Amino acid sequence: MDRSPFYIDPDIRRAKTIATSFYTGADYLEQSKERIFAPSWQYIGHTGMAPEPGSYHPVTLLSPYIGEPLLLSRDKAGVLHCLSNVCTHRGNLLAWAPGKSSQLRCTYHGRIFQLDGTFTFMPEFEGVEDFPRNAIT
Ligand code: FES
């Protein structure tokens, strides 16, 4: 039977206070990211942060504990998306502030993404065979 601090006994009569080390130990924080936060829903914002087609709003998931850069965007059809705000090339942030545009251009090497997350262009790569591959888009 799992007796780690993450174990929740279904019988409330056996409830115990979590040890202080759970709240102060860096290892428990790292485990909590995977065992508590990753498999559950987290609030990052509301639909009004990307109110109309072409609008986008960068957010950071549970900053500073998780710190995952995300992007709320509304594509040209008006569909709301929650995307990674990290360029697939070398990891540069795609959007640094809320804005409105038909696409996002990475300021590092110029990759272009649509607001639904679709990769559409990489400078100097015109005509390269098998590019972009699904694994890197
Ligand atoms: S890091 Fe974005 S295009 Fe290179």
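Cut-offs used in this document
Residues numbered from 1 in each chain as written. Predicted model: local features only at pLDDT ≥ 70, side-chain atom pairs only at ≥ 80, totals over all residues. Heavy atoms only, no water. Pairing = 2+ DSSP bridges. Helix = DSSP H or I, 4+ residues; strand = E, 2+ residues; numbered from the N terminus. Axes fitted to C-alpha atoms, helices over the stretch in contact; angles between N-to-C directions. Domains from an automatic or database assignment. 1 Å grid on protein atoms, 1.4 Å probe; cavity = no way out; pocket = protein on both sides within 12 Å on 5 of 7 lines; lining within 4 Å. Points joined across faces, edges and corners; volume = space filled by probe spheres on them. Nonpolar A, V, L, I, M, F, W, Y, C, P; charged D, E, K, R; others polar. Phe/Tyr/Trp six-rings, centres within 6.5 Å; stacked < 30°, edge-to-face > 60°. Buried < 20%, exposed > 50% of the residue type's maximum accessible area, 1.4 Å probe, protein only. pLDDT = per-residue confidence, 0-100.

## Quick word on the sheet that holds strand β5 (residues 103-105)
Alright, step 1. Across the sheet, which stays open at both edges, the three strands sit in the order β5-β6-β7 with antiparallel pairing between neighbours. The open sheet has two edge strands with one neighbour each: β5 and β7 (119-121). Across the sheet, the axes of successive neighbouring strands diverge by a mean angle of 30°, strand direction being ignored.
Alright, step 2. Sheet analysis places β5 next to strand β6 (residues 112-114), joined by three bridges and oriented antiparallel. Its bridge partner lying in β6, R105 is registered against I112.

## Here's the deal with the sheet that holds strand β1 (residues 55-61)
Alright, step 1. Read across the open sheet, the four strands follow the order β3-β2-β1-β4; overall the sheet is antiparallel. The open sheet is flanked by β3 (80-84) and β4 (99-100), the only strands paired with a single partner.

## Focus: the domain arrangement of the protein chain
Much of the literature gives interface size as the accessible area that the parts lose upon coming together.
Alright, step 1. Segmenting the protein chain into domains produces domain 1 (1-40) and domain 2 (47-136).
Alright, step 2. The straight-line distance from the C-alpha centre of domain 1 to that of domain 2 is 35 Å.

## A closer look at the layout of surface pockets
Alright, step 1. For the largest pocket, the calculated volume is near 420 Å³.
Alright, step 2. As for the largest pocket, its lining consists of 15 residues, and the residues nearest its centre are S4, P5, Y7, I8 and K16.
Alright, step 3. Partitioned by chemical class, the residues of the lining of the largest pocket number nine nonpolar, two polar and four charged.
Alright, step 4. As a volume, the second largest pocket reaches approximately 160 Å³.
Alright, step 5. For the second largest pocket, the full set of lining residues is S40, W41, Q42, I44, L61, L70 and C82.
Alright, step 6. Split into classes, the residues belonging to the lining of the second largest pocket amount to five nonpolar, two polar and no charged.

## A look at the packing of aromatic side chains
Alright, step 1. Taken as a whole and assessed by the stated rule, the structure comprises five aromatic pairs.
Alright, step 2. Ring geometry for F6 versus F22: centroids 5.3 Å apart, planes at 75°, classification edge-to-face. Taken together, the positions of F6 in the segment before α1 (20-24) and F22 in helix α1 put the pair 16 residues apart, joining distant regions of the chain. Accessibility assignment for this pair places F6 and F22 in one class, buried.

## A few points about the confidence of the model for the protein chain
Alright, step 1. The predicted model of the protein chain averages 91 in pLDDT, with 96% of residues at 70 or higher.
Alright, step 2. Considering each helix and strand of the protein chain separately, the mean pLDDT is smallest for β7, with a value of 88, and largest for β4, with 98.

## So, the pairing of β3
When a strand is regular, its side chains alternate between the sheet's two faces.
Alright, step 1. Relative to β3, strand β2 (residues 68-74) runs antiparallel, the two being bridged by five bridges. Bridging across to β3, L72 finds its partner in C82.
Alright, step 2. In this antiparallel pair of consecutive strands, β2 and β3, the connection spans five residues, and G78 shows a positive phi of 90°.

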